[in-house]
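# Tertiary structure, described
The primary structure of each chain is shown beneath.
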Amino acid sequence: MAVRPLILALFLCLLLSIFTTSHGYKTHRRGRPCKELSFYFHDILYKGHNKDNATSAIVGAPDWGNRTEFARPFDFGDLVVFDDPITLDNNLHSTPVGRAQGMYVYDQLNAFSAWLSFSFVFNSTQHKGSLNFAGPDPILNQTRIVSITSGTGDFFMARGIAILTTDAYEGNYYFRLRVDIKLHECWE
Amino acid sequence: MAVRPLILALFLCLLLSIFTTSHGYKTHRRGRPCKELSFYFHDILYKGHNKDNATSAIVGAPDWGNRTEFARPFDFGDLVVFDDPITLDNNLHSTPVGRAQGMYVYDQLNAFSAWLSFSFVFNSTQHKGSLNFAGPDPILNQTRIVSITSGTGDFFMARGIAILTTDAYEGNYYFRLRVDIKLHECWE
Amino acid sequence: MAVRPLILALFLCLLLSIFTTSHGYKTHRRGRPCKELSFYFHDILYKGHNKDNATSAIVGAPDWGNRTEFARPFDFGDLVVFDDPITLDNNLHSTPVGRAQGMYVYDQLNAFSAWLSFSFVFNSTQHKGSLNFAGPDPILNQTRIVSITSGTGDFFMARGIAILTTDAYEGNYYFRLRVDIKLHECWE
């Protein structure tokens, strides 16, 4: 006799559980990403005479600057467009698994800091689709966190963070970043 | 006698259901958007002598480029600001239902590809508010997917994707895009 | 006898409740933000002779414009990079609690409207981390709403809106905005 209400309650809970978890995405605890990936990307700035191997170029600068060298002080106002190879290890000549495309702009008056607005565009056997990044990158900090606001393809509707580490930095004409991606919202 | 626990269980489930579903938004399965809309928008680039009817202009270019024609190769580094009419059909002269405003930058070294960062700004009887788009647009693909990262007004907190189709393309000084919006997060 | 199913049902509901609410974030009703904050920020544009106290500079302009004064009409095409102090009250000389860093671009052909893409970068005892803003800002409206798409640190994964109010505006070479932040997605 008393079993029937239990079965009904169980059934209702099950229904409810299906209802509340079937909305097509999974979120995870703050400390436990639903997906983790690591990459490197490599930026070689155009500085007037290296168009053949440059992967980025200054396209906007303040009135006191120009497009072949950084403005002083702190590159403030320089806007750079880039198409940088993404590799799995820190070797510039490894086969790229995608491209980091978009722009950054130096936007701090008293220190080197860039504002990032770009995508990872994947087209490899492992990953297809894009991830979009945004946020401030105080480049002199060894480690910085930027936001991942969205994605497409394998990364449909993803959100999360990326931990950026400077792996090499040569007078900000060449730099290599390690990017540790932690997605905290993944859609199945 | 056995009915009371059932009623209590029901009541608790109901409470729980209210609690877990009343957070003010609805998400849907990956394959089933919560809102779908389609529009066209029209971009006429300024190329030195058409200021009266141009809706966009190059405002940044690499050192080897200028602001009245695209840089070679592949327009790389050209940054364009636009204020383009949005229409319900593919006729440039239809009454606009809003404006597509923001920028795009050509950011691929070996192909035509733009990075989009713009909004749809609606102000019609059907729609009020904005939708924000971001992501890579490899323009020579017939169909591309960009992210919708947020919105305001009727599109408060919305997220989703937009499928872009080139409906017309004339030497990239005039293009018309069809935009199929699929929202996968809608707030009521 | 009838008590056991009730206890079991309760236990199941509790489990379910933990399962459905433990995914590490809290969303709230549309009308009830999970966090509210208010700030002011102050923008002083470089106009050719004030490099010492300017906090922003034109770095991109259409072919008919330049980088020391706004383009006509409606500043269309002017892209401005900024590093503006954030204060708790409307006094430019109050101790900043952070910096508003990023860019805006005037992108309307027939009215003053800016497209915003920037971050609040906090580094005070009260707040650490960043909030990322995006969206159209029709600056002549007394009140505008832009999107908050993401955040880091104290604002990890946050989403919401910001209500912008022009608190001072002097020929668009100096402006002061009041920013009322309403987060509708907060991660604990």
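If you're wondering where the values come from, they're calculated on a predicted model, not measured in any experiment.

For chain A, the count of helices and strands is one helix and 10 strands. Along its sequence from the N terminus, chain A presents helices and strands in the succession α-β-β-β-β-β-β-β-β-β-β. Sorting the 188 residues of chain A into buried and exposed places 59% on the buried side. Excluding contacts between residues fewer than 6 apart, the proportion of contacts in chain A whose partners are at least 24 apart in sequence is 49%. Put simply, chain A shows about 7,600 Å² of open surface, and 55% of that area lies on carbon and sulfur atoms.

Glancing now at the state of the cysteines. A covalent bond between the sulfur atoms of two cysteines is what we call a disulfide. Residue and element names in this part refer to chain A. Under the definition given, this model contains three disulfides over all chains. Two residues share a disulfide in this structure: C34 and C186, whose sulfurs sit 2.0 Å from each other. Judged by the torsion about the S-S bond (90 degrees), the C34/C186 disulfide is right-handed. Placement of C34 in the loop between β1 (25–27) and β2 (35–44) and of C186 in strand β10 (residues 174–187) is noted, with a sequence separation of 152 residues between them. Taking the relative accessible area as the measure of exposure, C34 reaches 24% and is therefore partly exposed.

Moving on, we come to the pairing of strand β10 (residues 174–187) of chain B. Residues and elements named next belong to chain B. Burial runs high along β10: 12 of the 14 residues are buried. In the sheet, strand β2 (residues 35–44) pairs with β10 via 10 bridges, with the strands oriented antiparallel. Bridging from a neighbouring strand, K35 pairs with L183 of β10. As judged from the 11 bridges shared by strand β9 (residues 159–170) and β10, these two strands associate in the antiparallel manner. Following the sheet pairing, Y169 is matched in β10 by F175.

Below, the discussion takes up the pairing of strand β7 (residues 128–137) of chain B. Residues and elements named next belong to chain B. A large share of β7 lies buried, amounting to nine of its 10 residues. Across 10 bridges, the pairing between strand β6 (residues 114–123) and β7 is antiparallel. If you follow V121 over to β7, its bridge partner there is S130. Hairpin connection, β6 to β7: the antiparallel pair is bridged by four residues. Two strands pair when backbone bridges link them, and β7 and strand β8 (residues 143–153) are joined in this way by six bridges, in the antiparallel orientation. Bridge assignment links F133 to a residue of β8, and that residue is I148. The antiparallel hairpin formed by β7 and β8 contains five residues in its connecting segment.

With that settled, consider the packing of aromatic side chains. On inspection of all chains with the given rule, the structure shows 57 aromatic pairs over all chains. Aromatic side chains F39 of chain C and F122 of chain C sit 5.1 Å apart centroid to centroid with 45 degrees between the ring planes, which places their arrangement in the tilted category. With F39 of chain C in strand β2 (residues 35–44) and F122 of chain C in strand β6 (residues 114–123), the pair connects residues that are 83 residues apart, well separated along the chain. For F39 of chain C, a relative accessible area of 2% puts it in the buried group. Lying across the ring of Y173 of chain B, K47 of chain B places its NZ or CZ 5.0 Å from the centre.

The next thing to look at is the environment of K35 of chain C. All names here are of chain C. Relative to the assigned elements, K35 resides in strand β2. Given a relative accessible area of 33%, K35 falls into the partly exposed group. Among all residues touching K35, those that are not within four sequence positions of it are D154, F155, I181, K182, L183 and C186.

With that out of the way, let us pick up the pattern of salt bridges. All told, the structure shown has 24 salt bridges over all chains when counted by the stated rule. Between E185 of chain A and R159 of chain A there is a salt bridge, and its shortest N-O distance comes to 3.4 Å. Here E185 of chain A, found in strand β10, pairs with R159 of chain A, found in strand β9 (residues 159–170); they are 26 residues apart in sequence, far enough to count as distant. Pair check on accessibility: E185 of chain A and R159 of chain A agree, each one buried. Here D137 of chain C and R144 of chain C are joined by a salt bridge, their closest N and O atoms 2.5 Å apart. R144 of chain C sits in the buried class, given a relative accessible area of 3%. Among the charged side chains, a salt-bridge network with shared partners connects R159 and E185 of chain A, R159 and E185 of chain B together with R159 and E185 of chain C.

So, about unusual backbone geometry. Between R72 of chain A and P73 of chain A the backbone carries a cis peptide bond, its omega angle lying at -5 degrees. Mapping P73 of chain A onto the fold places it in the loop between β3 (56–60) and β4 (79–87). Within the chain, D75 of chain A stands out as a residue other than glycine whose phi angle is a positive 60 degrees. In this fold, D75 of chain A is placed in the loop between β3 and β4. Here M157 of chain C, not a glycine, exhibits a phi torsion of approximately 65 degrees, which is positive. Tracing the backbone through its elements, the reader meets M157 of chain C in the loop between β8 (143–153) and β9 (159–170).

For the rest of this paragraph, the subject is the confidence of the model for chain A. Any region with low pLDDT has predicted coordinates that should not be read closely. All names here are of chain A. Taken as a whole, chain A shows an average pLDDT of 89; of its residues, 84% reach a score of 70 or greater. With pLDDT under 50 throughout, residues 17–24 is counted as low confidence; its partners more than four residues away or in other chains account for 16 contacts. Per the prediction output, this complex has pTM 0.89; the corresponding ipTM is 0.87.

Calculation rules
- Residues numbered from 1 in each chain as written.
- Chains lettered and ligands numbered in written order.
- Predicted model: local features only at pLDDT ≥ 70, side-chain atom pairs only at ≥ 80, totals over all residues.
- Heavy atoms only, no water.
- Helix = DSSP H or I, 4+ residues; strand = E, 2+ residues; numbered from the N terminus.
- Buried < 20%, exposed > 50% of the residue type's maximum accessible area, 1.4 Å probe, protein only.
- Contact = heavy atoms within 4.5 Å.
- Areas by Shrake-Rupley, 256 points an atom, 1.4 Å probe, with all protein chains shown as cover.
- Disulfide = S-S within 2.5 Å.
- Pairing = 2+ DSSP bridges.
- Phe/Tyr/Trp six-rings, centres within 6.5 Å; stacked < 30°, edge-to-face > 60°.
- Lys NZ or Arg CZ within 6 Å of the ring centre and 35° of its normal.
- Salt bridge = Lys/Arg side-chain N within 4 Å of Asp/Glu carboxyl O.
- pLDDT = per-residue confidence, 0-100.

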